[in-house]
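If you want the building blocks of each chain, they are given just below.
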Amino acid sequence: MKIGSLSLSSNIFLAPLAGITDKAFREICQSYSAGYCETEMVSAKALTFGDKKSFELMEISDNNHPCGIQIFGNEPDIMAQGAKFAEKYNADVIDINMGCPAPKVANNGCGSALMKNPKLCGEIVRAVKGAVDIPVTVKIRKGFDDENINAVEVAKICAENGADAIIVHGRTRQQYYSGQCDLDIIKQVKNSVSVPVIGNGDVKDIKSAEKMFSYTNCDGIMVARAALGAPWIFKILNEYFQNGIIIQEPSKEDKLNIMIKHIEQICKYKGEHMGILQSRKHMSWYLKGFKGAAAFRNDAGRVTSLEEMHRLVEKVLEKQ
Ligand SMILES: Cc1cc2nc3c(=O)[nH]c(=O)nc-3n(C[C@H](O)[C@H](O)[C@H](O)COP(=O)(O)O)c2cc1C
């Protein structure tokens, strides 16, 4: 599939996840054939202030393309400036966050709160589109709450103002990440715009991905939580949808080897101390489903070095 001028080898994407989809995680998901990935959301305003941490979030390694940079904010000119910085950081796409439910974002009129003002959504897309030469996408929700379900209206305005694709998470802001993802709203968006529509929400295996594709007729899907501790999900889905082959999950030993590789890469980028602290949650996700997982996941929360991680892996393997 294509997003604007960008051709992608697969229409199964890794979704942006704050604090999670860093360079190391994106690389490992792409090594399992995720067709596209994104940074976590970056504040456009913080970029205009020269905030170092925000610039770090935009770093993309050479073997991590195609990769979009997601920006958030609610002022068209600031968003345009933020997009220019992102383009300089080698983004393949600028994605505009119109879905974040977090109070610190939505209470400032950004993220999901933008959906309360469709006209402003259009103005932001137009400003960003005019500022960069790369494709621009928006990631929206079903609506703000049950009384304001307007994904179709927002998608149309964004497309009219130049959005090259629309990503739809089928939940309202009120739902955050719980309750049912509404496939009907994704289908309605697909039927009302001519640009590609990417369906998002609760895709966790072949069955749920098949349902997302067949029910909504979407052009691509984005996987978020199901990739945690399971970056191979992209290979499983791609083998099925591209080649009709059902492959099994990796063995337990292979899973642990993938985890080690992932965590070593985090430590390479962030230094061992910071890297290990940030890896604890990943360890815990990888260890799901292992014999004795509850105790081992607890242990993972206390690991302080790569050496300790290797010792934990040996202990886990002995118990299987
Ligand atoms: C911890 C966490 C962080 C997230 N961070 C972002 C983000 O930075 N930008 C964004 O557009 N969506 C973010 N999301 C939403 C996901 O991209 C996705 O839309 C949502 O989790 C639904 O997909 P899933 O059912 O596959 O998990 C986040 C979700 C979670 C759980």
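Residues numbered from 1 in each chain as written. Predicted model: local features only at pLDDT ≥ 70, side-chain atom pairs only at ≥ 80, totals over all residues. Heavy atoms only, no water.

Draft legend 1. Quick look at the domain arrangement of the protein chain. For the protein chain, the assigned domains are domain 1 (2-243) and domain 2 (252-319). Counting from both sides, the interface comprises 15 residues of domain 1 and, opposite them, 11 residues of domain 2. Regarding the contact of domain 1 and domain 2, the summed buried area is about 1200 Å², with carbon and sulfur atoms giving 68% of it. In this structure, the salt-bridge partner of K270 is D22, at a minimum N-O distance of 2.8 Å. Where domain 1 meets domain 2, there are 4 residue pairs in polar contact (both at pLDDT 80 or more). Grouping the constituent residues of the side of domain 1 that touches domain 2 by class yields 9 nonpolar, 3 polar and 3 charged. (Domains from an automatic or database assignment. Contact = heavy atoms within 4.5 Å. Buried area = accessible area lost by both parts, 1.4 Å probe. Salt bridge = Lys/Arg side-chain N within 4 Å of Asp/Glu carboxyl O. Polar contact = N/O pair within 3.5 Å; in protein donor to acceptor, adjacent residues only side chain to side chain. Nonpolar A, V, L, I, M, F, W, Y, C, P; charged D, E, K, R; others polar.)

Draft legend 2. Region of the structure containing the site of the ligand. Neighbouring the ligand are 15 residues, the closest being A18, Q70, N200, D202 and R225. Between the ligand and the protein, one listed contact pairs an oxygen atom with a backbone N or O atom of A224 at 3.0 Å. Counted by class, the shell around the ligand contains 7 nonpolar, 5 polar and 3 charged residues. (Near = heavy atom within 4 Å.)

Draft legend 3. Main features of the environment of E56. Residue placement: E56 occurs in helix α3 (residues 52-57). Note: C-alpha distance between E56 and D77 (21 residues apart in sequence) is 22 Å. (Helix = DSSP H or I, 4+ residues; strand = E, 2+ residues; numbered from the N terminus.)

Draft legend 4. Broad picture of the nonpolar core. Membership of the largest hydrophobic core comes to 104 residues, with the highest contact counts inside it found for I94, M98, I140 and I166. Taken domain by domain, this core gets at least three of its residues from each of domain 1 (2-243) and domain 2 (252-319). For I140, the residues in contact, after removing those within four places along its chain, are M98, M115, A151, V154, A155, I166, I167, V168 and H169. Counting residues in hydrophobic clusters, the runner-up holds 5 residues, among them F72, C100, V105 and C110. (Core = buried A, V, L, I, M, F, W, Y, C linked by side-chain atoms within 4.5 Å. Buried < 20%, exposed > 50% of the residue type's maximum accessible area, 1.4 Å probe, protein only.)

Draft legend 5. Highlighting the side chain of N238. Inspection of the secondary structure assignment puts N238 in helix α10 (residues 233-243). In this structure N238 comes out as buried when scored by relative accessible area, which is 5%. In terms of polar contacts, N238 uses its side chain to reach the side chain of S10, at 2.8 Å. Beyond its immediate stretch of four places on either side in the chain, N238 contacts S10, I12, S33, A34 and N243.

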